[in-house]
Amino acid sequence: MRLEDAKKDHYRKLAKELGYRSRSAFKLIELNKKYNLIKSNDNILDFGAAPGGWLQVSSKLVMPKGKVIGVDILPIMPLGENVTIFQGDIREKEVIERILHAGEGKMDVVLSDMAPNISGIWKIDHNNQIDLTMLIIDRFPELLEKNGSCLLKAFDGPRLKSLENNLKKNFKNVKLIKPKVSRNASSELYISCRGFR
Ligand SMILES: C[S@@+](CC[C@H](N)C(=O)[O-])C[C@H]1O[C@@H](n2cnc3c(N)ncnc32)[C@H](O)[C@@H]1O
């Protein structure tokens, strides 16, 4: 077995053992340890939340009073009392409108682990992934509290720099990172941003 596959396999098994719905859960645990983005009593909005690994992690971190909203095209099996689920494609305008009208107000942290269906053609996948990410960044003034934070997945490629520059205009602190749980060969990375202006 290749080292890459062995690593993937290890985290998949560990997720199963610990009751996490996805190995992605370990990425959020690692990134949150490093950047301290999610705190007790925060309200969190998680885009691309299915099957729910990040929801499991964040809904524990925000206890006792924080709430978490998860959004995905795919259905998500119900989680704890502090988790609300919306099913929908965020490319459709009404999906974000539904979230805005849910009455939870602006969020302390926005998470996005969204990844489009992979075509295998790197340029197309990069473009589609950055398009999805830009859709939510454009709505930050309505979604995110002043001084709030976000953690966004991004596929590396020609548009990454302009995405980073856009975020640097809107946040006091912006950092790019590749978590250990991500496969080395993948072009996936994460952007942690704090202090929404
Ligand atoms: C890597 S998975 C997320 C894993 C999740 N963070 C977890 O811990 O279980 C990426 C998700 O993005 C979702 N997604 C992709 N395009 C989307 C869109 N246009 N609107 C909403 N969700 C989308 C996919 O359905 C998929 O569930």
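Keep in mind that this is a model prediction, so the values were computed, not measured.

About the thresholds
Residues numbered from 1 in each chain as written. Predicted model: local features only at pLDDT ≥ 70, side-chain atom pairs only at ≥ 80, totals over all residues. Heavy atoms only, no water. Pairing = 2+ DSSP bridges. Helix = DSSP H or I, 4+ residues; strand = E, 2+ residues; numbered from the N terminus. Axes fitted to C-alpha atoms, helices over the stretch in contact; angles between N-to-C directions. Contact = heavy atoms within 4.5 Å. Phe/Tyr/Trp six-rings, centres within 6.5 Å; stacked < 30°, edge-to-face > 60°. Buried < 20%, exposed > 50% of the residue type's maximum accessible area, 1.4 Å probe, protein only.

(A) Just the sheet that holds strand 1 (residues 43-47), in detail. Spatially, the seven strands line up as an open sheet ordered 3-2-1-4-5-7-6, and their pairing is mixed. For this open sheet the edge positions go to strand 3 (83-87) and strand 6 (171-177), each flanked by a neighbour on one side alone. Recorded for the sheet is a direction-independent mean angle of 15° between the axes of neighbouring strands. The sheet contact formed by strand 1 and strand 2 (residues 67-72) spans five bridges and is parallel. Paired with N43 across the bridge in strand 2 is K67. Sheet contacts for helix 7 (residues 160-170): strand 5 (144-155), strand 6 and strand 7 (188-196); angle to strand 6, the most-contacted strand, approximately 150°.

(B) Here's a closer look at the packing of aromatic side chains. A full pass over the atoms with the stated rule returns six aromatic pairs. When the centroid spacing of 5.6 Å and the interplanar angle of 80° are considered together, the rings of Y20 and F26 count as edge-to-face. Neither Y20 nor F26 differs from the other in exposure class; each is buried. Both rings, one in W54 and one in Y190, keep their centres 5.9 Å apart while their planes meet at 40°; by these two values the pair is tilted. Placement of W54 in helix 3 (residues 53-61) and of Y190 in strand 7 is noted, with a sequence separation of 136 residues between them. Given a relative accessible area of 0%, Y190 falls into the buried group. Connected via pairs of aromatic rings, a cluster forms that spans Y11, Y20 and F26.

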